[in-house]
Structure formats: structure tokens, C-alpha cells
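Listed below are the residues making up each chain.
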Amino acid sequence: MEVKEEMEMLLQIIASGLLLGGIYALVSIGLNLIFGVIKIVNLAHGDFLMMGMYATFFLYTLKDINPYAATLIVFPAFVLIGVLIFRLIIKPLLGKAETEVNTIIATAGLGFVLQNLALMLWKSDFRAIETNLTGKSYEFGGIMLSSGRTWAFVVCVVVALILYYILMKTKIGTHVRAVSQDTDAAILMGINVNRIYTLTFAVGIALVGLAGCIITPTFYVYPTVGLYFNTMAFIIVVLGGLGSFTGALIGGLLIGLVESFAGVIASAELAQVFSLLIFLIILFVKPEGIMGKGARV
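Attention here is on the structure that accompanies the text. Quantities reported herein were computed from a predicted structural model and do not represent experimental measurements.

Side chains of Tyr 138, Trp 151, Val 154, Val 158, Ile 162, Tyr 165, Ile 166, Ile 172 and Leu 199 sit close together on the surface and give an oily, nonpolar patch of about 770 Å² of accessible area. Turning to its location among the elements, Val 158 is positioned in helix α5 (residues 147-169).

As a further point, take the nonpolar core. Counting 71 residues, the largest nonpolar core has Ile 38, Phe 48, Phe 201 and Phe 229 as the members making the most contacts within it. The element best represented in this core is helix α8 (residues 193-215), accounting for 13 residues.

Right, let's talk about the pairing of strand β2 (residues 143-146) for a bit. Every second residue of β2 is oriented toward a common face, the buried set being Ile 143 and Leu 145 and the non-buried set Met 144 and Ser 146. Relative to β2, strand β1 (residues 137-140) is paired through 4 bridges, and the arrangement is antiparallel. Counterpart to Tyr 138 in the pairing with β2 is Leu 145.

Look at helix α3 (residues 67-90) against α8: their axes get within 7 Å of each other, and the N-to-C directions meet at 145 degrees. Where α3 crosses over α8, the handedness of that crossing is right-handed. Grouping the constituent residues of the contact of α3 with α8 by class yields 20 nonpolar, 5 polar and 1 charged.

Another point: the packing of aromatic side chains. Within this structure, the stated rule accounts for 10 aromatic pairs. Here Tyr 54 and Trp 122 contribute two aromatic rings whose centre-to-centre distance is 4.3 Å and whose plane-to-plane angle is 25 degrees, an arrangement assigned as stacked. Of the two residues, Tyr 54 sits in helix α2 (residues 45-63) while Trp 122 sits in helix α4 (residues 99-122), which places them 68 residues apart along the sequence. For Tyr 54, a relative accessible area of 1% corresponds to the buried category. Judged by relative accessible area, Trp 122 falls into the buried class, the value being 18%. Ring centres of Phe 126 and Tyr 220 lie 5.9 Å apart, and the angle between their planes is 70 degrees; on these two criteria the pair is classed as edge-to-face. Of this pair, Phe 126 sits in the loop between α4 and β1 while Tyr 220 sits in the loop between α8 and α9 (225-240), and the two are 94 residues apart along the sequence. For the pair Phe 126 and Tyr 220, a shared accessibility class is recorded, and that class is exposed.

Conventions adopted
- Residues numbered from 1 in each chain as written.
- Predicted model: local features only at pLDDT ≥ 70, side-chain atom pairs only at ≥ 80, totals over all residues.
- Heavy atoms only, no water.
- Patch = residues over 30% accessible without salt bridge, like charges linked within 9 Å, V, L, I, M, F, W, Y side chains within 5 Å.
- Areas by Shrake-Rupley, 256 points an atom, 1.4 Å probe, with all protein chains shown as cover.
- Salt bridge = Lys/Arg side-chain N within 4 Å of Asp/Glu carboxyl O.
- Helix = DSSP H or I, 4+ residues; strand = E, 2+ residues; numbered from the N terminus.
- Core = buried A, V, L, I, M, F, W, Y, C linked by side-chain atoms within 4.5 Å.
- Buried < 20%, exposed > 50% of the residue type's maximum accessible area, 1.4 Å probe, protein only.
- Pairing = 2+ DSSP bridges.
- Axes fitted to C-alpha atoms, helices over the stretch in contact; angles between N-to-C directions.
- Left-handed = near helix turned anticlockwise from the far one by under 90°.
- Nonpolar A, V, L, I, M, F, W, Y, C, P; charged D, E, K, R; others polar.
- Phe/Tyr/Trp six-rings, centres within 6.5 Å; stacked < 30°, edge-to-face > 60°.

Here it is as C-alpha cells:
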């Protein structure tokens, strides 16, 4: 009987870790897509997630639009925001001296602006929404699965499959992969690199906005919520391999499992510390990340 209970507990920890990892992976995909193609680090990534969460919160509280239905509004809206941000802030910095440093400073400044704008408009209050899934769980073979995290995991898988199909099976995906591998060669082949950059940045921002919609029923919304997810996203992206789409998924699931086991073995407060330790160990053993430097998908 004890063996059965221990096995059920182990499976519960693994399932919870995978669901949490799915959320982390969903948040990280957009960041890795932008880095893999444009080669810039977007330090405002978590703050766009925060804005997506606020957009979802107000769509639900003011218009009674379900967070999952809100993705149909938030995703295209964030595509437009991504296009504007790229053309006004990022594009003028590309192809010049110290591009990497300048884009880091620019996106960090943008992140501070978004945080302070949220503080000014909505104060520092913690906000939450309750949907018909709040507090509910699904039982599968004696394992309890949080409904909110389960659907977030499902969305992560669907988004990953769609993005993989677009990158590997479509003409635009071929262009994106060509630009990510060799920008100069892509230009010689007649690919409009500026258009690919704009599209990639816009989709990356839209993906993190979509992630904001999906996780809003599960997490509190407040102006600095993006800082935590920004940290986790960067850990996952570097851990999986910079620019590797597959690496972001593997890294997210791995960190989710580590935090789940750490929460049981030690405490929830120390879970992120264990994630950082695993991150450092893997980078010490394999500095290029799990999928390596050359990986792009």
C-alpha cells in the first residue's frame, strides 16, 4: 500500500511539474523566437506579459469576456503593438555599432516605462479573476490536475505545434529560418529581411500577450508580475539553447519539474533557488545549452 501511495505521489509531482513547465515554456517561446531570428535580447518581455494579463483582466471584469476568448482580441492587438515597437524603437538600432547593447538598454527602458505606467494607472494592487475553472481540478488515474494549468499546458502544446508547422512547412517559415541562420545569404536570395524581422518581433510579442491571457486565471495580476516571468523565461531560453525553439520547450518542462520536486523536498519559497542551481550545473557541463548553439528549431 505504501509503495502505491508513493508512486501516486511521484506521478502527482511529475504531472504538476509538467503543467507548470508548460506555462513557463509558453511564456518563453516568444522571447526565444525574437532572439533566434533578430539576435536581440528583449528585456521588456515580462512586462508585455504583464500588459497582456491586465488586458485580459479588464476584458473579463468590464466586458465579461472569458480569458480564453480574450486571446482573439489580445493576440492581434499585440501583433500591432509589436509592429509599432519594432519600427519605432528596435529597427533604428539595428545594423549600427553596439546594436546588442543599445537594444538591451532600449528594451530595459521600455520595460521600466510599462511597469511605471501600470503603477500609475492601476496602482500596486494585486488583482485576480474567477472563472468557471477557478479552483477546479481534473482527476486522471488518481492524479489531480489543476484545470487552469491543464488548459495552459494544452495551449502551449497547440501553439508549439502550430509554430513548428509554420516554421518547417510554409514559405514564410523557410524565410524565417533562412534569416535566422544567415542574414546576408538571405538578402542575396531576395528575402525581405526587414519584413521578416518585423513579423518575427510582432509574433513574439503577440505570443507573450497570448500567454498573459492564458495564465491570468491562475496568477495574480500586478505591475511587477513580469519580473518573475522574465527571470524564468531567460533561464529557460539560455538553458535550452539560445535561439532553439525546441530547447525552450524542453527547458520550460525541465524547470517546471525541478520546481515541483523542490517544492515537495524543501519548500515552495526555495523552488526557484533549485531552478537556478540546475541552470548553473547544466551550463557548467554544457555552456551552449541543452540543444546547442546551432539549433534554431
